[in-house]
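Residues per chain are reported as follows:
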Amino acid sequence: MLFLLAFNLPPKWVTLHIAGLGLVASAGFARREDWRTPAMRTYLLCTALWLVPVLVSAALQHALGVPTAPDWTELPVLVLRMLGIGLGIIVLFQRGWLTLQSATVALLCALSIHVGAGLVDLLVEPNASVTGWRQIRISGLVFNPNPFGMFMAITAILSAGLLRNQSLHRPALWGLLVAALLCVWASGSRGAILTVATGLVVLYPPTGRTRLLLYIGAALATSVYLYGGLQAHDMHSDNARMQIISFTLERIRQAPWLGWGIGAYERLPGHVVNAPHNMWLDLAVSSGLVALAGGLLSAVLLVVRLYRQNQSAARLALAMFMAALVAGTLEYSILNSTHFRGVWVLVVALACCTLNECCTPRETASRAARHA
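Residues numbered from 1 in each chain as written. Predicted model: local features only at pLDDT ≥ 70, side-chain atom pairs only at ≥ 80, totals over all residues. Heavy atoms only, no water.

A. Representation of the side chain of histidine 114 in the model. Structurally, histidine 114 can be placed in helix H5 (residues 100-124). We classify histidine 114 as buried; its relative accessible area is 3%. (Helix = DSSP H or I, 4+ residues; strand = E, 2+ residues; numbered from the N terminus. Buried < 20%, exposed > 50% of the residue type's maximum accessible area, 1.4 Å probe, protein only.)

Here's what the structure looks like:
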């Protein structure tokens, strides 16, 4: 089910909903002790901190007659997608039907198919060029080169995280890493480049002088690539983003505590595009500043928990979560984007499962001491 979810998420095929429902149903296998684990409690807390204010604000919007309030039918669907799928994944871990290793392999296998599809389009299409390939991506696999770049960034981070393990230096992982990085570059998504850079820096922090100099050089080269050769399209995109931010901040100022409703952005007069392209601005304009504060607090809580775990699995989970934060901040909505919402649930659920596994030896020792 995890493989099906990850495989169907980039193109948003209908089987995505089937896999999601299967994972929601797996939450029904939870036992009483499952709700007391660090994974379950952390996931519930990190999600409820922003989801509860979103639901409360939606109810108040209806009560006060806000014309852009969301339909009631959207709210239970949002809860199932954000809570049901995540809790279902955690239950699979706690029942022993899924492990961190098998989950990582499933994700890599699913995403590697899209890596291959992207490379085939790039190399096989007649008169292939990077510009033409991006147009194929828009109407092809994932309908937009930016989400494709994000999924390729996730693939690269997962591959690099496994390669940190000295026993897993396999040629297939190196090949997948190189191919994913090539797809990130070819996608032309600046957000994807920054996303993969964030994950790699977390995985390989600049602790020594050599690595620090390497990162400085890479940052300068990336800056030249991103901003030194800006095309007219890129300049237009940057100007549009500034207009989006200005418009969104003004709308937040007009309704700071209640917001305008989930999906209301494209119905607000004067909007530039159909979404703020920023998860934090989207939370605030849709559901108010309380939801924004809850989202920020939940992100800080999970980062701190993962950072304190000095283990390779926790380091990879932290890299994935930080990359998701960067991607969401630069491009996506946690309330409306099917692509990013699916990525967010997967990343947070797997991060919480990592915390649960990191705590397992300690809990085992504690139980042994009590029995002794």
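B. Main features of the nonpolar core. Ranked by size, the top nonpolar core spans 102 residues in total, and within it Trp50, Ile89, Leu302, Phe321, Ile334 and Trp344 carry the most contacts. Among the elements that line this core, the one with the most residues is helix H15 (residues 338-371), at 13 residues. (Core = buried A, V, L, I, M, F, W, Y, C linked by side-chain atoms within 4.5 Å.)

C. Region of interest: the pattern of salt bridges. What the rule picks out here adds up to two salt bridges. For aspartate 34, the salt bridge is made with arginine 95, and the minimal N-O distance between the two is 2.4 Å. Note that aspartate 34 is positioned in the loop between helix H2 (15-26) and helix H3 (38-63) and arginine 95 in the loop between helix H4 (74-94) and H5, a separation of 61 residues in sequence. Arginine 95 matches aspartate 34 in its accessibility class, with the two residues each being buried. One salt bridge connects glutamate 250 with arginine 253, and the closest N-O pair in it is separated by 2.6 Å. Separated by three residues within a single helix, glutamate 250 and arginine 253 lie in helix H11 (residues 232-254), roughly one turn from each other. Note on glutamate 250: relative accessible area 33%, which makes it partly exposed. The class of arginine 253 is exposed, set by a relative accessible area of 56%. (Salt bridge = Lys/Arg side-chain N within 4 Å of Asp/Glu carboxyl O.)

D. Broad picture of the environment of leucine 289. The topology assignment puts leucine 289 in helix H13 (residues 289-308). Taking the C-alpha atoms as reference, leucine 289 lies 7.8 Å from leucine 258; in sequence the two are 31 residues apart.

E. Representation of helix H9 (residues 190-203) within the structure. Taking 1.5 Å per residue as the helical rise, H9 with its 14 residues ought to reach 20 Å, and the 20 Å between its terminal C-alpha atoms agrees with that figure. What H9 keeps buried is the set Arg190, Ala192, Ile193, Thr195, Val196, Thr198, Gly199, Val202 and Leu203. (Expected span 1.5 Å × (residues − 1).)

F. Focus on the packing of aromatic side chains. Using the criterion set out here, one finds seven aromatic pairs in the structure. Ring centres 5.5 Å apart and planes at 55° place the aromatic pair phenylalanine 7 and tryptophan 13 in the tilted group. Overall, the relative accessible area of 38% leaves tryptophan 13 in the partly exposed class. Note on phenylalanine 29 and tryptophan 97: the rings are 5.3 Å apart at their centroids and 85° apart in plane angle, and the pair reads as edge-to-face. Here the residue phenylalanine 29 occupies a position in the loop between H2 and H3, and tryptophan 97 occupies one in the loop between H4 and H5, the gap between them amounting to 68 residues. Taken together through their ring pairs, the aromatic side chains of Phe321, Tyr332, Phe340 and Trp344 make up a single cluster. Its end group placed over the ring of tyrosine 204, arginine 164 keeps NZ or CZ at 5.8 Å from the ring centre. A cation over a ring is seen here: arginine 251 above tryptophan 260, with NZ or CZ 5.4 Å from the ring centre. (Phe/Tyr/Trp six-rings, centres within 6.5 Å; stacked < 30°, edge-to-face > 60°. Lys NZ or Arg CZ within 6 Å of the ring centre and 35° of its normal.)

G. Structural context of the layout of surface pockets. If you add up the space inside the second largest pocket, you get close to 840 Å³. Lining the second largest pocket are 37 residues, with Leu100, Thr104, Leu158, Leu162 and Leu316 sitting closest to its centre. At the level of elements, H5, helix H7 (145-163), helix H8 (171-187), helix H14 (312-330) and H15 are the ones that each hand at least two residues to the lining of the second largest pocket. Partitioned by chemical class, the residues of the lining of the second largest pocket number 27 nonpolar, eight polar and two charged. (1 Å grid on protein atoms, 1.4 Å probe; cavity = no way out; pocket = protein on both sides within 12 Å on 5 of 7 lines; lining within 4 Å. Points joined across faces, edges and corners; volume = space filled by probe spheres on them. Nonpolar A, V, L, I, M, F, W, Y, C, P; charged D, E, K, R; others polar.)

H. Expanded view of H2. If you check H2, its first and last C-alpha atoms are 17 Å apart, about what 12 residues at 1.5 Å a residue would give, namely 16 Å. All of the buried residues along H2 are Leu16, Ala19, Gly20, Gly22, Leu23 and Ser26. Down the axis of H2, the sector holding all buried residues measures 160°, keeping them to one side. Seen from the buried face of H2, the exposed residues on the opposite side, beyond 90 degrees, are Ile18 and Leu21. (Arc of directions from axis to C-beta.)

I. Structural view of the side chain of threonine 37. Mapped onto the elements of the fold, threonine 37 is located in the loop between H2 and H3. On the basis of relative accessibility, which here comes to 15%, the residue threonine 37 falls in the buried class. The contacts of threonine 37, once residues within four sequence positions are left out, are Gln94 and Asn356. (Contact = heavy atoms within 4.5 Å.)

J. Structural detail: the packing of H3 against H4. Running from N to C, H3 and H4 point in directions that differ by 180°, and their axes come no closer than 11 Å. Between H3 and H4, the angle is such that the two are roughly antiparallel. In this structure, H3 uses Ala39, Met40, Tyr43, Leu44, Thr47, Trp50, Leu51, Val54, Leu55 and Ala58 to contact H4, whose residues at the interface are Leu75, Leu78, Val79, Met82, Leu83, Gly86, Leu87, Ile90, Val91 and Gln94. Here the contact of H3 with H4 is composed, by residue class, of 17 nonpolar, three polar and no charged. (Axes fitted to C-alpha atoms, helices over the stretch in contact; angles between N-to-C directions. Parallel < 35°, antiparallel > 145°, perpendicular 65-115°, else oblique.)

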